[in-house]
Amino acid sequence: MAVIENLKPRSYVIQGVVAAVFIIYLIRLFYLQVIDDTYKQIADDRGIRKEQVDPDRGQIFDRNGKLIVYNEPSYRLMVVPGQVKKIDTVRFCEIFGVDKAYFIKKMDEAKRFSRVRESVFLSQISAEDFGRMEEYLYEFEGFYTAITPVRKYSYPAAGHLLGYIAEVDSADIRKSDGYYRNADMIGKTGVEKSYEKLLRGTKGFHNIVIDRFGRPVAPLNNGSEDIQPVAGKNLILTIDIELQHYAEQLLAGKRGALVAIEPSTGEILALVSSPSYDPNMLSGTNRNKNFASLALNKENPLNNRALSGYYPPGSTFKPVMAALGLQRGSLTPTTGYSCPGGYVMSGHTVDCHNHPYASNVELGIGHSCNAYFCYSFRYFIEDHNTPAEGMQDFKDQLAKWGIGTKTGVDLPNERNGNVPGPADYDKIYGKNRWKASNAVTLGIGQDRLIVTPLQSANSMATIANGGWFISPHVLKYADGEDSLMQALQTKHFTGIADSIFKYIRHGMAGAVNFGTAKVAQVDSFQVCGKTGTAENPHGRSHSWFSCFAPEENPKIAIAIIVENGGWGATYAAPIASLVAEKYINGFIAERRKPLEERMMNASLIEHPLPPLQPKNQGDKPQQIQETAMLPKQE
Amino acid sequence: MREKKSIMENVDQVGLGLYIALLLIGLLNVFAVSFSDEVRFFDFSLPHGKQFMWMGISLVVGFSILTFESSFFTKFAFILYGITIAILVVTFLVAVEINGARSWLQVGSFQFQPAEFGKTTTALMMAKFMSMISGQPRTFRNKIIAYLIFGVPMGIIVLQSDVGSALVYASLVLVVYREGFPVNEVLIVVAIGLCFVFALIFGMDPVAITLTIGLLVYTISSSFKLVRKEKIKGTVFLALFTVGGLLFLLGNEVFGLNIIVSVVATFVCMIAALISVRKIKYFTMGIPVVIYMVLMSFTIFGVEYITHDLLEDYQVQRIETLLGMSDDADAEYNVTQSKMTIGSGGVFGKGYLQGTLTQSEQVPEQSTDFIFCTIGEEWGFVGTCMFLMIYLLFILRIIFIAERQRSAFSRVYAYCVASFFFLQILINVGMTIGLIPVIGIPLPFISYGGSSVLAFSILVFIMLRLDADRLFILR
Ligand SMILES: [Zn+2]
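This structure is a prediction, so every number in the text was calculated from the model and none was measured.

**Let's talk about the coordination of the zinc ion**
All names here are of chain A.
Here is step 1 of the chain: For the zinc ion, the protein coordination sphere consists of Cys339 (SG), Cys352 (SG), His355 (NE2) and Cys369 (SG), at 2.0 to 2.4 Å.
Here is step 2 of the chain: The coordination sphere of the zinc ion comprises four donor atoms, whose angles at the metal cover 103 to 124°; the geometry is tetrahedral.
Here is step 3 of the chain: Binding-site remark: the zinc ion is held by donors from one chain whose sequence spacing is C-x12-C-x2-H-x13-C. Taken together, the residues Cys352 in the loop between β14 (349-351) and α13 (361-366) and Cys369 in the loop between α13 and α14 (370-382) connect sequence positions 17 residues apart.
Here is step 4 of the chain: Taking relative accessible area as the criterion, Cys352 reaches 14% and is therefore assigned buried.

Here it is as C-alpha cells:
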C-alpha cells in the first residue's frame, strides 16, 4: 500500500452531509405537518378541486340583426369508473343503445384515464334522447350527463369570413401568457380569430369541496372565493348575411372571390371566397374529418381568396390609372389618344380591340382602350425627372390606395399584393437602363401588378367616395368597445382631388352603358363598372369586374374575380350586377331572372365540393354509430 | 451448495432487511394510490399489481446475483460500461418521447430508462478504475478519467433532457472525494456543477463572469509559485493564461471580437498554456485551464442550448415557480398540491388507505414522482420521520459496508450506491416538500415503476454480493 493520508475522516464528512440533509428535511416536514396549519381547515376527509368554468362564447349577428353564429348545447354521457357499482350491463346497453363491445372498450379507456375523474362515455346525443336518458340515470351510479356548447351557424354561408374555432395548440398556449390550457377552444381564422379576445369572455374558477372519491360535495366557503365566468361579447358584423349567402350561391361551382363594401363607411357587406363550405362542417365532432376533406380538396376551399388571392387587376385598374394621371396633370380630361389597334412600340404591340376613337378620358375608360392607358402610364412616368423617380411615385401613390400594401382589414391573413418599384426594373434591365416604355403594361393592370379582390373592391370604394376610403372592416358594433370601433373609422386619403372623380365615374358608367360591360346594366339605377381580364399563364383567363352603384350616392362597391371565367363580361360582370341589384333593390328584376339562373348553374370546377345544405347532412352516418337509440316510451 | 450457503450467511443481514422493508413500504404506498373500494390486491393490470410482480422479479434477479462469482463484476465492468454508453447514445437517438424527455427505450411493451440501469454499470466501472489506480499517485490523467467515467454518461443523459437522472450521476463526486482526490479540485468540480445549475436558473452572465474571475485569480496567484521555480515556462504559462482569460471575459464586449472568434482565440491560448507546462511537475496547473475551457464552452453554447432546447417549457416554469419568479397558478399547482397533501397528514396521519387527497388524485404523478405525498398524508409526521430514518439508516449502512471492505473495488462500488441513493432522496423528497425545484425522478423502491425497482435492486444486490466476499478476497 502506498503511503496515503488517512481517508477515514472523509467518510465521516460524507456521513455528516447525508445526515444533515435528512435533518433539514425532517425540520421542514415538522413545519409542514405539525406547525403550519394552512391546509388543516379543510375537513379531514375532504379535498378541494379547482374547476375551470368556461364562459359562453359571444354570439355573432349580421348588420340587420340576424343571428348568424350561436352556441348549441351538445349532450354527452360521462362516467367516473371508480363510482360504477355492479350494474346490469345488458339492461344498460339496451337503454343507452350501445353494444357490449362498445361498453367494455369505453369503460377500459375511462379506467385507464382515471378511476376518479370523469371520461366521455357517449357523445353527440340528441336533445331528445338526452332527455330520456336522464330518467334512467339514477339506476346507474357513476354515470353523469354533461353539456358542452358547440358553435352553430344559421346560414351555410360566410365560412371564410367567420372562421372557425378549434382546440388550442401548444403555440397558442405559450403565446397566451397563461390564459389558455389544454382543451380550451380558440378562434383559428376569420372573425373568430380577429375578435377572439372579445368573443371568448373571461374564464371562471370554482373551488369545489370533494369527498374521498372525488365526488363534488359543495362549493368551498359557499362559493365566496369562486371567480364567476364572464360571457364573451356579442358582435354585430357589417355583413348582410342574406347578401353574403346570395353571392355565394351565384359563385357556387366556380373558383373566385367577391368583396362588397359600403363605400361611405368601409363596411364589408359580403366577402366571398369560392369554393366555399358550410361553416357547420368545422364545428362539433365531425370537425376533424371534414377539415381533412376540405384541406385535401384540390380546389383549396379553405383558402380565403378574397384576402389572399393574387391576381393581376387587368383593365379594372384603368380607372385608378386615370385618376393618377389626372391628378398629376400628365393626363387631362380632354386628352385623346388614337388607337391603331393597340399601343405600338419598337418591337411589339400591346393589342387593343376594335372601338371608336377615345377622344377624352371618359371614353378611354368607357371603351377600355389599352393604348390610351399605356400612354397615360408612360406620360405619368415621363412627367418625372427620371423613370426611377416616376416609378417610385407610381408605387407610392398606389400605396395610398391600399394597393401593394395592406388595406388594414380586421381579418387575419390579408396579403399585400404587389406593385413593382424601380428596383425591380433595375434588376431586369440594369440600373437606370430602362424607361417608361419598358413598363407600359402596368397602365393596363398587367406586368407585375398584383392585387387581391379586397384591394380591388377598396379601390372602387375610393373612387365612389371621391378619393378617400375607410379601411374595410367587418365589425359594426361590440358593446363597450368604442375606441376599437372608432379606430375602424379612420379615413385614408389618396391625395386625389374630388373633382377628378366625376370623369372617372362617367367613364365607368359609359363602360356599362355602351362599352364592354353592357350585361351589368340594371334598369332602376346606374351601375359604374369596369370589366377586366387577367391573363393566366396556366389556362383560360380570369374574369374580373369592379363596380359601384348607384352613380350618385353609391351604396355598394364590388370587386369580383371568377377564375378561368374568360372575359370580364362573361361571368364577373353579371354576378356583380346581380349582387348590387339584390342589395339596392332587394329583388332581381324579371328581365334578369334568366341571367341569375344561368350564373347560379354555371360550373367551372373539376372537383366540386358536396353541395351546401342548410341542415348538416354530413353528420348523419357518424351519428348512427355513436348516438343512442332509445326504446320509445309509450 | 455449501459455498452458496456460506454466501447467504455472509450477506449483510441489516442491509438486506432494510432493503426489504423499503420494498414493502413501496408496495403499500403504490397500493394506497390506486386503492378504491373495488380494487383487489392481486390485480396485475393495476399499478400495485404490476409493482408487486416487479418486486418478485427483482427479488429473483437479486438472489440469483448472489450466486454469481464476485469476480464476474470486476471482469465485465469495462464491457458493461461500454454497452451502457452505447445504449445511452442509441436511446438519445431513437427514444420514445415521454414528458418531453427522450430517455425511454421501448422493447416490446416494456419501457425502461437506460439511465436507471446505467447507474449500476457506471458504479462498476468507477470501482474498477479506482481500484486499478489505488495506491498509484493521483496523476492528472487518472483524475480526469475518473471524472469522465461518470461525466460522459451524465452528459448524454443531459442531452436526453433527463436532468434529474444526470444530477444523480453527479453524486459520484462524493466517491472521488472519499477516494482522496484533493478537496479543492473536488470543490471546483462541484462549484462548476452548481454554477451550471444556477446558470440554468438565473441566466448565465453573472455566474460565468464571477466564476471566470475566480478561476483567473486562483490560477494566476498560484502560478507565481511556478514562476519562481521555472522562470521561462512559468512566465509563458502565466502570460498565455492571462491573455486567454481576458480574451474570454472582454473579447466580445471590449475588443469587439465576434463571440466565436474570441472563444476560439481563448481556446488557442489555453491549449498553448497547457502545452507550456506539459513536462514540468506543475502539471496540475493545467486543471483549472481545462475546467476553464469546458466551462467556457458550456456557458457560451451549453447553457443557452439547454435552456432553450433541452428544458421543456414546463420544467423552466417549475424552476421559476420555486424561485418565486412566476405567480402563475398552473405552474405552482404541483408543489402546492404536494405540500397541501403532506401538510394535511398532521402528526399522526389519516391512516393507511384513508388519504383522501391521495384517493382523489389531487397530486399529479402521485404514484411515481410524488409518492412521498402519500406517506405524508396517510402516516403523518410520525410516518415521514420513520420513513426518512429507515432510508437514512439504509444509506449509513451502505457507507458502513463500504468502509469495512478490504478491496478498493468493493468499497468504491458501495460508495457509488450510497451516493446514488442519497441524491435520489435529496431530489425527490426535496421537491415534494418544496425545498428544491421540481425535477422528475423516482423515490427508489417506493415510486411506481418496474424498471426503476429492478434497476435499484440490482444495484443493491451486487453490493451485497461483493460485501459477502469481504473476508476472502482482497481485490
Ligand atoms: Zn384601343
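We are not done yet, so read on.
**Section: a nonpolar patch on the surface**
Residues and elements named next belong to chain B.
Here is step 1 of the chain: On the surface, a cluster of nonpolar side chains totalling about 520 Å² of accessible area is made up of Phe76, Phe78, Ile79, Ile83, Ile87 and Met132.
Here is step 2 of the chain: The element that contributes the greatest number of residues to the nonpolar patch is helix α4 (residues 70-94), accounting for five residues.
Here is step 3 of the chain: Relative to the helices and strands, Ile79 resides in helix α4.
Here is step 4 of the chain: For Ile79, a relative accessible area of 47% corresponds to the partly exposed category.

**Re helix α18 (residues 408-432) of chain B**
Residues and elements named next belong to chain B.
Here is step 1 of the chain: An ideal rise of 1.5 Å per residue puts 36 Å on 25 residues; α18 measures up with 36 Å between its terminal C-alpha atoms.
Here is step 2 of the chain: Of all 25 residues in α18, 24 are buried, a share of seventy percent or more.
Here is step 3 of the chain: Of the residues trailing α18, Gly434 is marked for its positive phi of about 75°.

**Quick notes on the environment of Ala95 of chain B**
Residues and elements named next belong to chain B.
Here is step 1 of the chain: As for its placement among the helices and strands, Ala95 is situated in the loop between α4 and β1 (96-98).
Here is step 2 of the chain: Residue classification places Ala95 among the buried positions, given a relative accessible area of 9%.
Here is step 3 of the chain: The sequence separation of Ala95 and Gln160 amounts to 65 residues, and the corresponding C-alpha distance is 8.6 Å.

**Section: the sheet that holds strand β19 (residues 542-549) of chain A**
All names here are of chain A.
Here is step 1 of the chain: An order of β12-β11-β20-β19-β18 is seen for the five strands of this open sheet, with the pairing classed as antiparallel. Two strands bound the open sheet, and with one partner strand each, they are β12 (267-274) and β18 (528-534). On average, each strand axis in the sheet is tilted by 5° relative to the strand beside it, whichever way the strands run.
Here is step 2 of the chain: Against the sheet, helix α9 (residues 241-251) touches β11 (256-262), β12 and β20 (556-562), its axis set at about 30° to β12.
Here is step 3 of the chain: Running over the sheet, helix α20 (residues 572-585) touches β11, β12, β18, β19 and β20 and is turned about 150° from β20.

The rules behind these values
Residues numbered from 1 in each chain as written. Chains lettered and ligands numbered in written order. Predicted model: local features only at pLDDT ≥ 70, side-chain atom pairs only at ≥ 80, totals over all residues. Heavy atoms only, no water. Donors = N, O, S within 2.8 Å, 3.2 Å for Na, K, Ca; no water. Tetrahedral: all angles 85-135°; square planar, octahedral: opposite > 155°, others 65-115°. Helix = DSSP H or I, 4+ residues; strand = E, 2+ residues; numbered from the N terminus. Buried < 20%, exposed > 50% of the residue type's maximum accessible area, 1.4 Å probe, protein only. Patch = residues over 30% accessible without salt bridge, like charges linked within 9 Å, V, L, I, M, F, W, Y side chains within 5 Å. Areas by Shrake-Rupley, 256 points an atom, 1.4 Å probe, with all protein chains shown as cover. Salt bridge = Lys/Arg side-chain N within 4 Å of Asp/Glu carboxyl O. Expected span 1.5 Å × (residues − 1). Pairing = 2+ DSSP bridges. Axes fitted to C-alpha atoms, helices over the stretch in contact; angles between N-to-C directions. Contact = heavy atoms within 4.5 Å.

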